[in-house]
Structures are given as C-alpha cells and as structure tokens.
Amino acid sequence: SCRSTINKKNFTENLNICPHCGHYMAMKGKERFEYLLDDNYQIVSYDSNKFNPINYPDYDRIRKKNENKGLKEAITIAKGKIKGQSTYIAVLESEYLMGSLGTYMGSELTSMFDEARKEKIPVIVIVSSGGARMQEGVFSLMQMAKVSQAVVRFSKEGLLYIILLAHPSTGGVMASFASQGDITLAEPQALIGFTGPRVIEQTIHQKLPEGFQRSEKLVECGFLDEIVERKKQKEVFYKILKLHDR
C-alpha cells in the first residue's frame, strides 16, 4: 500500500508483510503450513470431483490457468501438529478465483470435518474468500448448507473449531462455515462481512463510518474474539489447542 520496492527474500521471511508499512499480503496454504506446522505435516486431499454444473463458458480454461500457478483448487488442507498439538488446517486460496466456494471446496471441507470428527482432532480454517462461486450458480450456494451441517456434526462431538479471518472474508463463505467457529480470530485490517462497503454505500446512498467492516471495528463490536498479528498466530493457535487438549 506504500508503493515501496520490497526485497523478495525479506518479504517472504517477514511472512508476506510489507516491512515498510506493515500491509498484509496474501499467503498460500503451503506458506502458512510451513510457518504454523511442525515438520512432517501431510497435505490432505479427498479427491473430490471438479464439475462445471451450469456449463459456464471457459470455466475449464480459467481453472487450468489457475492450476498452472501451482494451485490445485481454491482450498488446501493439511494434517499435522503445532508444537506437538494435532490439528487439521484448511486454507482458502485467494489466488484461485478469489478463494470462492464451489462444489470442490464444499466436498473437501465436508470430508475434512467428518474425518476430524472420527479422529477427534481440532480443526483450524483460515479464510480469505470473496464468497460463493458464481460460475457454479445454485450448486455453489448449496455448499453453504452442506459444509455448515458438517460443522454441526463436528461440534456436537464437543470438538474445537477455530476460524482465522484474513483479507477479505466475505459473501457466502462468511454467511456459513466462517461464522460457525468456537473461537473467531482475524488478521489486522481484514475486510469482513457479507456484501462489500462499496455495494452497501450504493444501496443505502449514505457514507459509511470509518473502519466499517474492518477487523478492528468488528472486535470492538464483539463479533471477533481477538485480532492476531501473523507473527503471533502459531503461538496463539498452540495455546488454544493446548487449553482444549483432552
């Protein structure tokens, strides 16, 4: 945001945070796993099918373009330990169609929650998403209910579900499983809400207050439990997992 030139090595070592102005840039799932998880973690995939359910034009071409960047889909899941505490971590990949919720992501999340429920392992989901995927129409909206039901089954077993909201966390993702965590954390200055502020302003024809839908304002209103800087997230996750260790 300060338009400064950043040395790539320093940028990576600083966990994708600008060393000049502190602006948070996106992190891929594997980058987060390398930082958060102990060695020997496993990337988990349930081989969910990829559909084009409403025959959206060029959908397959768009997907291949994103896959060439090294992302299989808009979610990456790992199973491992944070300082010895077992957990599943799912990261929504904002670089893949804005981390949007489609049939693939819905199926992967549902399978993960069901497996974690059987194994009695906590779940952490790191959200960075524009919401439900328009290229899959009503099929993407159905994933909201599907994943939410998997979360309910998981929660009924008394198991721990932690949410970390990164920038942005919006739309159908925020209106479903991203709002169901037992503990809800957020990164600084993350945009969190259903519809973005620009659309709201155009709808109500009023200027919104300063900081509207940003994590700092939402923690004041009690919507979030805490804002956690990226460099402190491993320690915070560990402490929460340790407190709930059975």
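Heads up: the structure comes first, above all this text.
What counts, and where the lines are drawn
- Residues numbered from 1 in each chain as written.
- Predicted model: local features only at pLDDT ≥ 70, side-chain atom pairs only at ≥ 80, totals over all residues.
- Heavy atoms only, no water.
- Buried < 20%, exposed > 50% of the residue type's maximum accessible area, 1.4 Å probe, protein only.
- Helix = DSSP H or I, 4+ residues; strand = E, 2+ residues; numbered from the N terminus.
- Arc of directions from axis to C-beta.
- Contact = heavy atoms within 4.5 Å.
- 1 Å grid on protein atoms, 1.4 Å probe; cavity = no way out; pocket = protein on both sides within 12 Å on 5 of 7 lines; lining within 4 Å.
- Points joined across faces, edges and corners; volume = space filled by probe spheres on them.
- Nonpolar A, V, L, I, M, F, W, Y, C, P; charged D, E, K, R; others polar.
- Axes fitted to C-alpha atoms, helices over the stretch in contact; angles between N-to-C directions.
- Parallel < 35°, antiparallel > 145°, perpendicular 65-115°, else oblique.
- Left-handed = near helix turned anticlockwise from the far one by under 90°.

S.K.: Go over helix H2 (residues 29-36) with me, naming the residues and quoting the values.
M.R.: Three or more residues of H2 are buried, namely Gly29, Arg32, Phe33 and Leu36. All buried residues of H2 lie within an arc of 100 degrees about the axis, which places them on one face of the element. In H2, the exposed positions that point more than 90 degrees away from the buried face belong to Lys30 and Glu34. If you follow the buried residues of H2, they end up packed against strand E1 (42-44), strand E2 (75-82), strand E3 (85-92), strand E4 (123-129), strand E5 (161-169) and helix H9 (233-243).

S.K.: With reference to specific residues and values, describe the layout of surface pockets.
M.R.: Of the pockets and cavities examined, the largest pocket occupies roughly 320 Å³. Along its surface, the largest pocket is lined by 14 residues, and Lys120, Pro122, His244, Asp245 and Arg246 are the ones closest to its centre. Residue composition of the lining of the largest pocket, grouped by class: five nonpolar, five polar and four charged. The calculated volume of the second largest pocket comes to roughly 270 Å³. Lining the second largest pocket are 17 residues, and of these Lys30, Gly70, Lys72, Thr76 and Glu93 lie nearest its centre. Elements with a minimum of two residues in the lining of the second largest pocket: H2, E1, E2 and helix H4 (103-119). In terms of residue count, the dominant contributor to the lining of the second largest pocket is E2 (three residues). Of the residues that constitute the lining of the second largest pocket, the class distribution is six nonpolar, three polar and eight charged.

S.K.: Hey, could you go over the environment of Asn52 for me, with residue numbers and the actual values?
M.R.: Mapped onto the elements, Asn52 comes out in the loop between E1 and helix H3 (59-67). In sequence terms Asn52 and Gln135 are 83 residues apart; their C-alpha atoms lie 7.8 Å from each other.

S.K.: Can you lay out the packing of H2 against H9 for me, pointing to particular residues and giving the numbers?
M.R.: Direction vectors running N to C along H2 and H9 enclose 65 degrees, while the axes themselves pass 9 Å from each other. Judged on the interaxial angle alone, H9 and H2 are roughly perpendicular. Here the hand of the crossing between H2 and H9 comes out right-handed. Between H2 and H9, the contacting residues are Arg32, Tyr35 and Leu36 on the first element and Gln233, Lys234 and Phe237 on the second. Here the contact of H2 with H9 is composed, by residue class, of three nonpolar, one polar and two charged.

By themselves, these figures tell us nothing about what the structure is for.
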